Amino acid sequence: MRPGSARRGAAPPGAAGHNREVLDRHLPTDPGATGHRLRFGAGAEGIERMAASLGGAGFAPHRHDTYAIGMTLHGVQTFRYRGQRRACRPGEWHVLHPDEVHDGVAGTDAGFGYRILYLDPYLIQQALGGAPLPFVPDPVIRPDRMDPRLADWLRDIDEPLDDVHRVEIALAVADALRRHAAAPPVRRPPLAMPALSRVRDLIATDPTVRHPVEAFEAVAGLDRWTLARQFRAAFGTSPTRFRTMRQLDRARVLLRAGRSPATVAAVVGFADQSHLTRMFKRAYGLPPATWVAAAGPPKPGAQLCRASSTASSAATAKAPAAIR
């Protein structure tokens, strides 16, 4: 919970009316939802949209390599983030940076629900023109301080997204991140984005392959120390972690298609089923079986987040000025 906030579950002074107005105007509140439910909407390359409700046990500590930007719809969502317990109430937003460990539990017995956007940092990179990723130090943001366009993108998560929508969402999120970010870091040399993109694509093309660092140096033309520093600044995570998350991207699809965890572990390159289970829970806060039960079978048009490719990101960078 934020320092100085009221008792758990209480709304900040003057916020209740505004929060309700935001919810009524933008998002359904999904009243009465109980248990663990995850519903994936229509996405795009590098973008995932999800509606979730949790009752009882919450998410275990985990981290993912995407930005996570969501609005609480009902109940009180609490989570530990960078050493503090925070609370996000109806209408408030939470912004989580890639690779930051967090959990998620209900602040009251009523459980909580939210809708959320997950965005590939590479997509944000294109919107930022190659600048280091912005870091938002306070993860809870009042509704009156967040761009209402973001709520619009969560109102109907089943509405298909085309390339124009993809550009608009990336720019809206990038603008929001910059607006709420900490002071700019000390000026550093420009990121070697073409070189870093080649390494990223090498990993994403086949994440079952464990490449030696010498292969990354050869592809990038950078020494391993510069490569490690710049890869994290550009994409919010390390090459090793990026590979693991791409393995888990494939695992989620196969698990929802009904493949057994042991088979999935072998197909996506984990040592065994227990290795898959450990990595899955660290990334999503739930073991595979619980996650699959909460998500249910895939629905037509629903899409899990995929890492953006260099080609599609280049197209984003060249979008018409009227869109950008």
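The model shown is predicted, which means the values in this text are computed figures rather than measured ones.

**Quick look at the overall build of the chain**
Logical step 1: Within the chain one finds 12 helices and 10 strands.
Logical step 2: Every one of the 324 residues in the chain was classed for burial, and the buried ones make up 52%.
Logical step 3: When contacts within the chain are restricted to residue pairs at least 6 apart in sequence, long-range pairs at least 24 apart make up 76% of them.
Logical step 4: Total accessible area on the chain stands at roughly 14300 Å², and carbon and sulfur atoms take up 56% of it.

**Side note on the pattern of salt bridges**
Logical step 1: Per the stated rule, a full pass over the model turns up 19 salt bridges.
Logical step 2: Here Glu100 makes a salt bridge to Arg82, at a shortest N to O gap of 2.9 Å. With Glu100 in the loop between strand E7 (93-96) and strand E8 (102-106) and Arg82 in the loop between strand E5 (77-81) and strand E6 (84-88), this pair connects stretches of sequence that are 18 residues apart.
Logical step 3: Here Glu100 falls in the buried class, since its relative accessible area comes to 19%.
Logical step 4: Between Asp120 and Arg200 there is a salt bridge; the shortest N-O distance is 2.5 Å. Placement of the pair is Asp120 in the loop between strand E9 (112-119) and helix H2 (121-128) and Arg200 in helix H5 (residues 193-205), with a sequence separation of 80 residues.
Logical step 5: Its relative accessible area of 6% is what places Asp120 among the buried residues.

**Quick word on the confidence of the model for the chain**
Logical step 1: Of the residues in the chain, 82% reach a pLDDT of 70 or more, and the chain-wide mean stands at 83.
Logical step 2: Low pLDDT, under 50, characterises residues 1-20; the stretch is placed with 35 contacts to residues that sit more than four places away or in other chains.
Logical step 3: In the model, residues 311-324 has pLDDT below 50 throughout and makes 21 contacts with residues more than four positions away in sequence or in other chains.

**Observations regarding the sheet that holds strand E3 (residues 59-62)**
Logical step 1: Read across the open sheet, the four strands follow the order E3-E8-E5-E6; overall the sheet is antiparallel. Looking at the sheet topology across the chains shown, the edges are occupied by E3 and E6. Pairwise comparison of adjacent strand axes, ignoring direction, gives a mean angle of 25° for this sheet.
Logical step 2: When E3 meets E8, the two strands line up antiparallel, connected through two bridges. Note that in E8 the partner of Phe59 across the bridge is Gly104.

**As for the packing of aromatic side chains**
Logical step 1: One pass over the structure, following the stated rule, counts nine aromatic pairs.
Logical step 2: A ring pair is formed by Tyr122 and Phe235, whose centres lie 5.1 Å apart and whose planes are at 85°; its orientation type is edge-to-face. Of this pair, Tyr122 sits in helix H2 while Phe235 is found in helix H7 (residues 224-235), placing the two residues 113 residues apart along the sequence. The same class applies to Tyr122 as to Phe235, namely buried.
Logical step 3: Relative to Trp291, the ring of Phe280 has its centre 5.6 Å away and its plane inclined at 75°; by these criteria the two rings are edge-to-face.

**A closer look at the pairing of strand E1 (residues 37-40)**
Logical step 1: On E1, burial follows the alternation: Leu38 and Phe40 on one face are buried, whereas Arg37 and Arg39 on the facing-out side are not.
Logical step 2: In this structure, E1 lies alongside strand E2 (residues 47-54), joined through four bridges in antiparallel fashion. Its bridge partner lying in E2, Leu38 is registered against Ala52.
Logical step 3: Between E1 and the antiparallel strand that follows it, E2, lie six residues; Gly46 among them carries a positive phi value of about 85°.

**Some thoughts on the sheet that holds strand E10 (residues 140-141)**
What links the strands of a sheet is backbone hydrogen bonding, and the strands pair in either a parallel or an antiparallel sense.
Logical step 1: Strands sit in the order E1-E2-E9-E4-E7-E10 across an open sheet of six strands; the sheet is antiparallel. Strands at the two margins of the open sheet, each flanked by one partner only, are E1 and E10.
Logical step 2: In this structure, E2 lies alongside E9, joined through eight bridges in antiparallel fashion. Bridging across to E9, Met50 finds its partner in Ile116.
Logical step 3: Along the sheet, H2 makes contact with E2, strand E4 (67-75) and E9, crossing E9 at roughly 60°.

**Some remarks on the environment of Ala251**
Logical step 1: Note that Ala251 resides in helix H8 (residues 239-256).
Logical step 2: Sequence spacing of Ala251 and Thr263 is 12 residues, and the spatial spacing of their C-alpha atoms is 9.8 Å.
Logical step 3: Excluding its chain neighbours within four sequence positions, the residues that come into contact with Ala251 are Val264, Val268 and Leu276.

Basis of the calculations
- What you see as residue numbers is a count from 1 along each chain, following the sequence as written.
- Totals for whole chains, interfaces and linings use all residues, but because this is a predicted model, local features are given only for residues with pLDDT of at least 70 and pairs of side-chain atoms are given and counted only at 80 or more.
- Heavy atoms throughout the structure, all of them, feed into the side-chain values; hydrogens and water do not.
- Secondary structure elements follow DSSP: runs of H or I of four or more residues count as helices, runs of E of two or more count as strands, with numbering from the N terminus.
- Any residue under 20% of the maximum accessible area for its type is buried, any over 50% is exposed, and the rest in between are partly exposed; the area is computed with a 1.4 Å probe on protein chains only.
- Working rule for contacts: check all heavy atoms of both residues, and any pair within 4.5 Å makes them a contact.
- Areas reported as accessible are Shrake-Rupley estimates using a 1.4 Å probe. Residue values count occlusion only from the protein chains shown.
- Salt bridges, as used here, are contacts in which a Lys or Arg side-chain nitrogen is within 4 Å of a carboxyl oxygen on Asp or Glu.
- One confidence number per residue, pLDDT, is output by the predictor and ranges from 0 to 100.
- Note on pairing: DSSP must find at least two bridges between two strands before they are called paired.
- Axis definition: a line fitted to C-alpha atoms, over the contacting stretch in the case of helices. Angles run 0 to 180 degrees between N-to-C directions.
- A pair of aromatic rings is counted whenever rings of Phe, Tyr or Trp (Trp by its six-membered ring) have centres within 6.5 Å, and the orientation is called stacked for planes under 30 degrees apart, edge-to-face for over 60 and tilted otherwise.

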